Protein chains: 2
Amino acid sequence: MPEVIPADSVGIVVPQTAHFDEPLALECNRTLAGYDLVYETYGTLNADASNAVLICHALSGSHHAAGYHSAADKKPGWWDLCIGPGKPIDTDRFFVVCPNNLGSCYGSTGPTSLNPDTGRPWGADFPLMTVKDWVKSQARLADRLGIRRWAAVVGGSLGGMQALQWSIDFPDRVRHALVIASAPKLSAQNIGFNEVARQAILNDPGFHNGHYYAHDTVPKQGLILARMVGHITYLSDEAMKQKFGRDLQSGKFQFGFDVEFQVESYLRHQGEQFSKFFDANTYLLMTKALDYFDPARDFGNDLVKALAHVQASYFVASFTTDWRFSPERSREIVNALLKNRKNVSYAEIDAPQGHDSFLLDNERYLALFRAYMGRIAGETGAAPAATGAA
Amino acid sequence: MPEVIPADSVGIVVPQTAHFDEPLALECNRTLAGYDLVYETYGTLNADASNAVLICHALSGSHHAAGYHSAADKKPGWWDLCIGPGKPIDTDRFFVVCPNNLGSCYGSTGPTSLNPDTGRPWGADFPLMTVKDWVKSQARLADRLGIRRWAAVVGGSLGGMQALQWSIDFPDRVRHALVIASAPKLSAQNIGFNEVARQAILNDPGFHNGHYYAHDTVPKQGLILARMVGHITYLSDEAMKQKFGRDLQSGKFQFGFDVEFQVESYLRHQGEQFSKFFDANTYLLMTKALDYFDPARDFGNDLVKALAHVQASYFVASFTTDWRFSPERSREIVNALLKNRKNVSYAEIDAPQGHDSFLLDNERYLALFRAYMGRIAGETGAAPAATGAA
C-alpha cells in the first residue's frame with residue numbers, strides 16, 4: 001500500500017457502470033442485446049464539455065488507468081505515470097474517461113458475464129469483438145456522459161488502434177488522436193505469435209471448449225504459455241539482456257528442466273501470476289481483435305484513403321527498440337496522414353525497453369506527451385494546470 | 001520421388017552406424033556407458049585423409065544431409081543444396097561426414113534408445129548433452145574413420161556452434177571452421193523462446209514426465225506449439241509478410257477460432273507435421289544444448305580468451321534478416337577472432353528469409369561458400385572438381 005497517496009495522484013477512485021439497453025450490432029454480424037461498460041473518470045468535465053479525454057486500454061488493460069481503489073492498494077492504475085494532476089494528461093485540466101472494453105474481464109460485459117439467453121456465463125459463445133465495435137460502444141458512453149467531441153482519444157498498442165479507429169469512424173467527434181506504440185494493422189509475424197498463444201489456450205485440457213467456468217477450472221497452462229510468449233514480444237532483446245543476460249538462478253547449470261536461467265524464472269512467474277487473474281476467453285478475444293484490426297481494409301487496403309476524411313490532429317509516437325510494433329509501423333500511419341495533408345506530430349523515442357516503453361518512465365516521451373496535451377489544453381480552454389509545466 | 005536423381009546429387013546413400021564401447025563422460029557429470037552414432041558419408045577419403053569435412057546439424061537435423069535413401073524419396077537430405085558434385089561442399093573433392101548427434105532421434109543413441117540399465121527407453125532419463133559433449137563424441141568418430149584433422153568443420157545455427165567448439169576443444173584437428181548463421185551464445189530472448197517451447201512440452205498431459213513411450217502416446221500439442229513458436233523465429237518478419245501477408249484462408253473473416261489467416265494455417269501445418277516425426281525429449285534436449293552453449297564461460301566469460309588458442313581459419317556468415325542469430329552475433333565471433341589475429345573471412349549476406357537462409361538458395365551465399373571451400377580444396381590437395389567452378 002502507498003504509505004501516503006502521492007500528491008500527483010488522482011487519489012481514490014470509484015469505478016462506475018453504465019448500462020446500455022439499445023442493442024449493439026457487431027462486425028461479426030451478431031448483436032449484443034444490451035451491455036454494461038465499467039469505467040473510471042478523473043478530473044472535472046468543464047461547462048462546454050470540451051476538455052474530455054478518452055483513454056483506450058490494450059490487451060490486458062482495464063478501466064483502472066490511474067489512482068487507487070483503496071488506501072490499501074499496493075499499485076495504482078496502469079497508466080498512473082501519465083494521468084494525474086500535473087502529469088502529461090493533466091487531471092487539473094482534463095476530464096479523463098477510461099472504460100473497460102467489451103469482452104474484457106474487469107466488469108464490462110464479456111465472456112465471464114451471464115448470457116441472458118442461458119443464464120450461464122457466455123464463455124466461448126461471447127461474440128468476437130473488433131476495434132470498430134469497441135469504438136461504437138464507447139461512443140454511446142460519450143453520449144451518456146454528454147461528451148459530443150473528445151478533446152483527445154489516447155491509447156498505446158491496441159489502445160492506439162482504438163484512437164485511430166475513433167478518428168476514422170467519428171471524424172467530427174475527435175479533436176486529437178494520440179496513437180502510441182501502435183500499428184495500422186498486424187503483420188503476419190504478429191498474427192503468428194497471437195496464434196501460438198491461442199493454440200496454447202484452445203488446446204489446454206482445462207479449456208473445455210471455452211466453457212471452463214462450468215467445470216470450475218481454467219486453462220491455466222495455456223494462459224501461462226500465452227503470457228510467456230506475449231511477454232517476450234513486449235520486451236526488447238536489449239532490455240532482456242540488461243535485465244537478465246545469461247545469469248543463472250543458482251550460479252551453475254543444473255542439467256534438468258527446473259529453472260536454470262533467471263529469464264526462465266521471470267517468464268514463468270509472469271505467466272503464473274497472469275493466469276491467476278486474467279480470463280482465457282478474454283485473452284482469445286483480445287488477440288482476435290488485434291488480428292482483425294485493419295482500417296484500410298474497408299478502403300481497398302489503402303490507408304491513405306482510410307484516413308482521407310479524418311478531422312483530428314495526431315500525435316504518433318514509437319519506440320526505437322519496439323519490435324512488436326516497430327517505428328516503421330508508426331511511420332506508415334504518419335505517412336498516410338501526411339499524404340492527406342493532415343496535422344501530425346511524430347516522435348520516435350529512443351528507449352531500450354521495447355514495446356512496454358509506452359507504459360514506462362522516459363523523460364523525452366513524457367515531455368513530448370505533456371507538451372502535446374498542454375497544446376490541446378490551450379486550444380480547448382481547459383483550466384490552467386494547478387501544478388507542473390504548461 | 002525425384003523423376004531422375006539429379007546429376008549433381010551424391011545419389012543413393014546408406015546410413016552407417018558406429019558403436020562406441022568406451023564410456024563418454026559428459027558435462028552434466030554423468031557418463032554414457034556406450035553409444036551409437038549414425039552417420040552418412042559422401043565422396044572419397046584421400047590417401048592422407050586430408051580432405052575430410054565434418055557437417056554438424058542443427059536442432060531438428062539429422063545425419064541425412066545430402067542425397068536420397070531410395071529412388072522413391074521425395075526429398076533429398078537437409079543440406080543437399082550445398083553438398084554434392086560441383087556444389088559448395090564438392091563431393092568430388094571432399095570426403096564428407098555427417099553424424100546424427102547424441103540425444104537426437106534419428107538413430108544415434110538418445111531418449112528413444114533403450115536404457116541398458118532398465119531395458120526401457122531412456123525417455124527423460126537420458127542425460128542432457130552439451131555442444132562440448134557432441135564434439136567429444138564426434139572426435140571419436142573421426143578417430144574411427146582415420147581422420148586426424150578435418151579439412152573443415154561446417155555447420156549452420158546450432159551446427160555452427162559445434163564447428164566453433166571443435167576449433168576450441170581440438171585446435172590441431174580443425175583446419176577450417178565454417179560458422180554460419182550462428183552465435184557465440186544464446187541471448188536472454190533466445191532462451192526465453194526455448195523456455196516457452198519446453199514449457200509447452202513439459203506441461204502437455206501426454207508428456208508423462210518424459211516417459212510417454214510407455215503410455216503409447218506423445219506430447220503432441222506441446223510439440224506443435226514448440227515448433228510453431230520456433231518456426232516464427234526462423235523466419236524474418238519480411239519473409240512472413242511476403243509469404244502470407246494478411247491473406248485470409250477463405251477471403252473473409254470467420255469470427256471464430258478456426259484458421260482465418262493463411263499464416264495460421266501454415267504454422268499449424270508445420271507444427272502438426274513436425275509432431276508426427278520428431279521426439280519431444282529430443283526437442284527438450286536440443287533446446288537445452290543451445291541454452292548451455294557458451295564457450296567463453298570456461299574463460300572468464302571472455303570470448304577473446306576462449307579463442308586465443310585456436311589454430312583454424314574461419315568462414316563466418318550471417319544473414320541480414322536473421323533476428324534469431326543476427327549479424328551482430330556473428331560479428332562478436334569475428335571480432336574476438338580478429339583480436340586474436342586469427343584468419344577469418346566474414347560475409348554478411350543480404351537475404352530476406354531470416355534464420356532459415358542458411359538452408360536456402362542465395363546466389364551470393366553459395367558463391368562465397370563455394371569459393372571458400374575451393375580454397376580449402378586447393379590447400380589440402382583435394383582432387384580437382386569434376387564439375388563446376390573452382
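As a reminder, the structure under discussion sits directly above these lines.
Computed from a predicted structure; not experimentally measured.

Conventions and cut-offs
- Residues numbered from 1 in each chain as written.
- Chains lettered and ligands numbered in written order.
- Predicted model: local features only at pLDDT ≥ 70, side-chain atom pairs only at ≥ 80, totals over all residues.
- Heavy atoms only, no water.
- Contact = heavy atoms within 4.5 Å.
- Buried area = accessible area lost by both parts, 1.4 Å probe.
- Salt bridge = Lys/Arg side-chain N within 4 Å of Asp/Glu carboxyl O.
- Polar contact = N/O pair within 3.5 Å; in protein donor to acceptor, adjacent residues only side chain to side chain.
- Helix = DSSP H or I, 4+ residues; strand = E, 2+ residues; numbered from the N terminus.
- Nonpolar A, V, L, I, M, F, W, Y, C, P; charged D, E, K, R; others polar.
- Phe/Tyr/Trp six-rings, centres within 6.5 Å; stacked < 30°, edge-to-face > 60°.
- Buried < 20%, exposed > 50% of the residue type's maximum accessible area, 1.4 Å probe, protein only.
- Pairing = 2+ DSSP bridges.
- Right-handed = clockwise from strand over helix to strand, strands pointing away.
- Disulfide = S-S within 2.5 Å.
- Core = buried A, V, L, I, M, F, W, Y, C linked by side-chain atoms within 4.5 Å.
- Axes fitted to C-alpha atoms, helices over the stretch in contact; angles between N-to-C directions.
- Least-squares fit on C-alpha atoms with pLDDT ≥ 70 in both.
- Expected span 1.5 Å × (residues − 1).

To continue, consider the interface of chain B and chain A. The interface is formed by 53 residues belonging to chain B together with 53 residues belonging to chain A. Carbon and sulfur atoms supply 69% of the area buried between chain B and chain A, which totals about 4600 Å² over both sides. The largest contributions to the chain B side of the interface with chain A come from Arg246(B), Phe255(B) and Phe257(B), which together make up 18% of the buried area. Where chain B touches chain A, the interface holds 8 salt bridges. Ionic pairing is found between Lys288(B) and Glu260(A), a salt bridge with its closest N-O pair at 3.2 Å. Counting every contact that joins chain B to chain A gives 22 residue pairs in polar contact (both at pLDDT 80 or more). The biggest single contributor to the side of chain B that touches chain A is helix α3 (residues 188–202) of chain B, with 11 residues. Broken down by class, the residue content of the side of chain B that touches chain A amounts to 28 nonpolar, 10 polar and 15 charged.

As a further point, take the packing of aromatic side chains. The geometry of an aromatic ring pair comes down to the distance between the two centres and the angle between the two planes. Residue and element names in this part refer to chain A. Here the structure, examined in full by the defined rule, presents 50 aromatic pairs over all chains. Here the aromatic rings of Phe193 and Trp323 are separated by 6.0 Å at their centres, their planes lie at 75°, and the arrangement is edge-to-face. Separated by 130 residues along the polypeptide, Phe193 in helix α3 (residues 188–202) and Trp323 in the loop between β11 (313–319) and α9 (327–339) bring together distant segments of the chain. With relative accessibility at 6%, the residue Phe193 sits in the buried group.

All names here are of chain A. Burial analysis of strand β9 (residues 152–156) places 5 of its 5 residues in the buried class, which makes it a mostly covered element. Side chains Ala152, Val154 and Gly156 project from β9 onto one buried face, and the interleaved Val153 and Gly155 project onto a second face that is buried too. When strand β5 (residues 52–56) meets β9, the two strands line up parallel, connected through 4 bridges. Residue Val53 lies in a different strand from β9, and its bridge partner there is Ala152. At this point the chain moves from β9, through helix α2 (residues 158–169), to the parallel strand β10 (residues 176–180), and the crossover so formed is right-handed.

Below, the discussion takes up the state of the cysteines. Applying the stated criterion across every chain yields a total of 0 disulfides over all chains. Cys82(A) takes part in no disulfide bond, and the closest cysteine sulfur, belonging to Cys98(A), lies 12 Å away. Looking at Cys56(B), it has no disulfide partner, and the nearest cysteine sulfur is the one in Cys98(B), 7.7 Å off.

Before going further, it helps to spend a moment on the nonpolar core. The biggest cluster of nonpolar side chains holds 185 residues, and the ones touching the most others in it are Tyr283(A), Tyr314(A), Tyr283(B) and Tyr314(B). Residues contacting Tyr314(B), with those up to four places away along its chain left out, are Leu164(B), Ser167(B), Ala177(B), Val179(B), Leu307(B), Leu337(B), Asn343(B), Val344(B), Ser345(B) and Tyr372(B).

Residues and elements named next belong to chain B. Taken in spatial order, the 8 strands make up an open sheet running β1-β4-β8-β5-β9-β10-β11-β12, and their pairing is mixed. Looking at which strands have only one partner, the edges of the open sheet turn out to be β1 (16–20) and β12 (344–349). Sheet twist, expressed as the mean angle between neighbouring strand axes with direction ignored, is 20°. Bridge analysis of strand β4 (residues 35–42) against strand β8 (residues 95–99) gives 4 bridges, and the strand direction is antiparallel.

Here we take up the relation of the copies chain B and chain A. Take chain B, turn it by 180°, move it 0.0 Å along the axis, and it overlays chain A with an RMSD of 0.0 Å. Both copies of the chain, as the preceding transformation shows, are related through a two-fold rotation axis. In this assembly the copies share their binding face: 100% of the residues contributing to the interface of chain B also contribute to that of chain A.

Put simply, side chains in a regular strand alternate between the two faces of the sheet. Two strands pair when backbone bridges link them, and strand β9 (residues 152–156) of chain B and strand β10 (residues 176–180) of chain B are joined in this way by 4 bridges, in the parallel orientation. In the sheet register, Val154(B) faces β10(B), and the bridge partner there is Leu178(B).

In an α-helix, one turn spans 3.6 residues, which is why side chains three or four residues apart end up on the same side. With 15 residues, helix α4 (residues 220–234) of chain A extends 21 Å between its outermost C-alpha atoms, agreeing within 8% with the 21 Å of an ideal straight helix rising 1.5 Å per residue. For α4(A), the tally of buried residues reaches 13 of 15 residues, placing the bulk of the element in the interior.

The next point concerns unusual backbone geometry. The phi angle at Asp216(A) is positive, at roughly 55°, despite the residue not being glycine. Among the secondary structure elements, Asp216(A) is positioned in the loop between α3 and α4. With a relative accessible area of 75%, Asp216(A) lands in the exposed category. The residue Asn209(B) is not glycine, and still its phi comes out positive at about 55°. On the secondary structure map, Asn209(B) appears in the loop between α3 and α4 (220–234).

Here we come to the environment of Gly256(B). Tracing the sequence through the fold places Gly256(B) in the loop between α5 (237–243) and α6 (262–277). In sequence terms Gly256(B) and Ala371(B) are 115 residues apart; their C-alpha atoms lie 52 Å from each other. Sequence-distant contacts of Gly256(B), defined by excluding residues within four places in its chain, comprise Leu128(A), Lys288(A) and Tyr292(A).

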